[in-house]
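If you want the building blocks of each chain, they are given just below.
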Amino acid sequence: MTTAQAESTIPTGTWQSDPVHSSVAFEVRHAVGTFRGTFGEFEATLSDRGGEAKLTGRVPVESVEVKEENLEAHLLSPEFFDRDQSPEIGFESTRIAAEDGKLVVEGELSVKGTSKAVTAQGELKGPIPGPDGNDRIGIDLETTVDRHDYGLDWNMDMPDGSKMLGDEVTLIVHLELVREEA
């Protein structure tokens, strides 16, 4: 199924993320490489009631996962996500459409008490019957945001005068969603 076809066939009903087969990740330039992290817990729901599709999601900040425990603690501090003051990242779509062969999802991303409009692109696959008999769909989305828009301003000067972290953060969401029974 092409994405243009997917737009006209976004399935009705309510679909919940399957956490075993889904992921929420981020990437940012670090020195001369790319730093990657994930969130171990999240919820996403796609619903289509009355012909209008809506995608919503929430991520507990404390579920951030990186390869270094001390770095996880730094990411939870006020210099980054500020878990104590802003324990959750949220998303709510305002528009879902197919454009130029891509699934386009526009919405509000809320991080650290700030909500900004974002546009993610990707694709929709399915629905297909899963091995458990429940219908499933797949949604892969990616967008890039400026971390400073959300108050994630920490950085460090490198010896050559460059900055340790890049400004742009790529968000990568892979969702396998299961239809809720009516």
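These notes cover the structure that comes with them.

## Observations concerning the overall build of the protein
The helix and strand inventory of the protein stands at two helices and eleven strands. In the protein, the succession of α and β elements from N to C terminus is α-β-β-β-β-β-β-α-β-β-β-β-β. On C-alpha atoms alone, the protein measures out to a radius of gyration of 17 Å, which is about the 16 Å that the 2.2 N^0.38 rule sets for 182 residues. Once the C-alpha set of the protein is aligned to its principal axes, its extents read approximately 55 × 30 × 25 Å. Across the 182 residues of the protein, 42% fall into the buried class. Sequence separation of at least 24 residues holds for 57% of the intrachain contacts in the protein that already meet a minimum separation of 6. Accessible area of the protein: about 10,100 Å², with a carbon and sulfur share of 49%.

## With respect to the environment of Tyr150
With respect to the secondary-structure elements, Tyr150 resides in the loop between β10 (135–146) and β11 (165–179). Each C-alpha atom of the pair Tyr150 and Gly113 lies 7.7 Å from the other, and the pair is 37 residues apart in sequence. In contact with Tyr150, other than residues within four places in its own chain, are Leu109, Val111, Lys112, Thr114, Lys116, Val118 and Val145.

## With respect to the nonpolar core
Within the largest apolar cluster, 41 residues are counted, with the highest numbers of intra-cluster contacts made by Leu46 and Phe81. Not counting residues within four places of it along the chain, the set of residues in contact with Phe81 comprises Phe39, Val61, Val64, Leu75, Leu76, Ser86, Ile89, Val111, Lys112 and Leu152.

## Topic: the side chain of Asp82
Mapped onto the elements, Asp82 comes out in the loop between α2 (69–76) and β7 (88–99). Here Asp82 sits buried without a salt bridge, and the closest side chain of opposite charge, Lys112, lies 5.3 Å off (N-O distance). In contact with Asp82, not counting residues within four places along its chain, are Leu75, Leu76, Ser77 and Lys112.

## Concerning the environment of Val66
Considering the arrangement of structural elements, one finds Val66 in the loop between β6 (64–65) and α2. As for Val66 and Phe35, which are separated by 31 residues in sequence, their C-alpha atoms are 9.0 Å apart. When neighbours within four sequence positions are excluded, Val66 is seen to be in contact with Phe26, Phe35, Arg36, Gly37, Leu71, Glu72 and Leu75.

## Structural notes on the packing of aromatic side chains
Evaluation of the coordinates by the stated rule reveals four aromatic pairs. Both rings, one in Phe26 and one in Phe39, keep their centres 5.7 Å apart while their planes meet at 50°; by these two values the pair is tilted. Taken together, the positions of Phe26 in strand β2 (residues 23–30) and Phe39 in strand β3 (residues 33–39) put the pair 13 residues apart, joining distant regions of the chain. Accessibility assignment for this pair places Phe26 and Phe39 in one class, buried. Arranged with centres 5.6 Å apart and planes meeting at 50°, the rings of Phe80 and Trp154 form a pair that is tilted. In this pair, Phe80 sits in the loop between α2 and β7 while Trp154 sits in the loop between β10 and β11, placing the two residues 74 residues apart along the sequence. Accessibility expressed as a relative area gives 8% for Phe80, which makes it buried. An aromatic cluster of at least three residues, connected via ring pairs, comprises Phe26, Phe35, Phe39 and Phe81.

Thresholds, definitions, all that
- Residues numbered from 1 in each chain as written.
- Predicted model: local features only at pLDDT ≥ 70, side-chain atom pairs only at ≥ 80, totals over all residues.
- Heavy atoms only, no water.
- Helix = DSSP H or I, 4+ residues; strand = E, 2+ residues; numbered from the N terminus.
- Rg over C-alpha atoms; globule rule 2.2 N^0.38 Å.
- Buried < 20%, exposed > 50% of the residue type's maximum accessible area, 1.4 Å probe, protein only.
- Contact = heavy atoms within 4.5 Å.
- Areas by Shrake-Rupley, 256 points an atom, 1.4 Å probe, with all protein chains shown as cover.
- Core = buried A, V, L, I, M, F, W, Y, C linked by side-chain atoms within 4.5 Å.
- Lys, Arg positive; Asp, Glu negative; His and termini not counted.
- Salt bridge = Lys/Arg side-chain N within 4 Å of Asp/Glu carboxyl O.
- Phe/Tyr/Trp six-rings, centres within 6.5 Å; stacked < 30°, edge-to-face > 60°.

Interpretation in functional terms is not warranted from these geometric data alone.
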